[in-house]
Amino acid sequence: MLNFQEILDYIEEHLKSEIEIKELAEMSHYSLFHFYKLFQAVTGLPVKQYIIRRWLIHALYAIQTGEEITATAFTYGFETYSGVFRAFSKEYGMSPSNYLKQNRALKPYKINMEQERYKFMNQKQLKKLLSHWDLLIETVQPAIYPNTGDASEFV
């Protein structure tokens, strides 16, 4: 029986292959229904959105370091560049190339649930949350780990 840290580690190690959510549920010894609910309760994200986000983070870094966009798309399970473009635009609100013009992609790191003691939330989600209180912000800085100085892709 795998705990959720082990599930996140498994996802990270298998990003370049097809990840079946049903298989993750079986590995954790939960029904598929309970796995979906528990995963979202633990991470703050639905499991498929978490996997897509991790694909995008890794793909973006690979593109920034010089890998060809279409090859990177195939490596991380997208059939075409347009699939990456749509997923990225949905997640980040802009194209990968526009994002890379404005930001530097951080080297992906394995999620450590002991360090990540907050709900996973990206800039778009935080801005939506803050808009409920009329608190609009232009930019949100990533969380920085005090021990290592590493920046999280979450805010």
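These figures come from a predicted structure and were not determined experimentally.

**Details of the packing of aromatic side chains**
Move 1: Within this structure, the stated rule accounts for ten aromatic pairs.
Move 2: Between the aromatic rings of Phe88 and Tyr99, the centroid separation amounts to 5.5 Å while the plane-to-plane angle is 75°, which identifies the pairing as edge-to-face. A residue pair is termed long-range when its members are at least 10 positions apart, and Phe88 in helix H6 (residues 81-92) and Tyr99 in helix H7 (residues 96-102) qualify at eleven residues.
Move 3: A centroid spacing of 5.3 Å and a plane angle of 55° characterise the contact between Tyr92 and Tyr99, whose relative ring orientation is tilted.
Move 4: Here the aromatic residues Phe4, Tyr30, Phe35, Phe39 and Tyr50 are joined through ring pairs into a cluster of three or more.

**Re the environment of Phe78**
Move 1: With respect to the helices and strands, the residue Phe78 is situated in the loop between helix H5 (69-75) and H6.
Move 2: Residues Phe78 and Trp55 lie 23 residues apart in sequence; the distance between their C-alpha atoms is 9.2 Å.

**Some remarks on a negative patch on the surface**
Move 1: Side chains of Glu18, Glu20, Glu23 and Glu26 sit close together on the surface and give a patch of like negative charge.
Move 2: Secondary-structure assignment places Glu18 in the loop between helix H1 (4-13) and helix H2 (21-28).
Move 3: For Glu18, a relative accessible area of 66% translates into the label exposed.

Reading guide: rules and limits
- Residues numbered from 1 in each chain as written.
- Predicted model: local features only at pLDDT ≥ 70, side-chain atom pairs only at ≥ 80, totals over all residues.
- Heavy atoms only, no water.
- Phe/Tyr/Trp six-rings, centres within 6.5 Å; stacked < 30°, edge-to-face > 60°.
- Helix = DSSP H or I, 4+ residues; strand = E, 2+ residues; numbered from the N terminus.
- Patch = residues over 30% accessible without salt bridge, like charges linked within 9 Å, V, L, I, M, F, W, Y side chains within 5 Å.
- Areas by Shrake-Rupley, 256 points an atom, 1.4 Å probe, with all protein chains shown as cover.
- Salt bridge = Lys/Arg side-chain N within 4 Å of Asp/Glu carboxyl O.
- Lys, Arg positive; Asp, Glu negative; His and termini not counted.
- Charge placed at Lys NZ, Arg CZ, Asp CG, Glu CD.
- Buried < 20%, exposed > 50% of the residue type's maximum accessible area, 1.4 Å probe, protein only.

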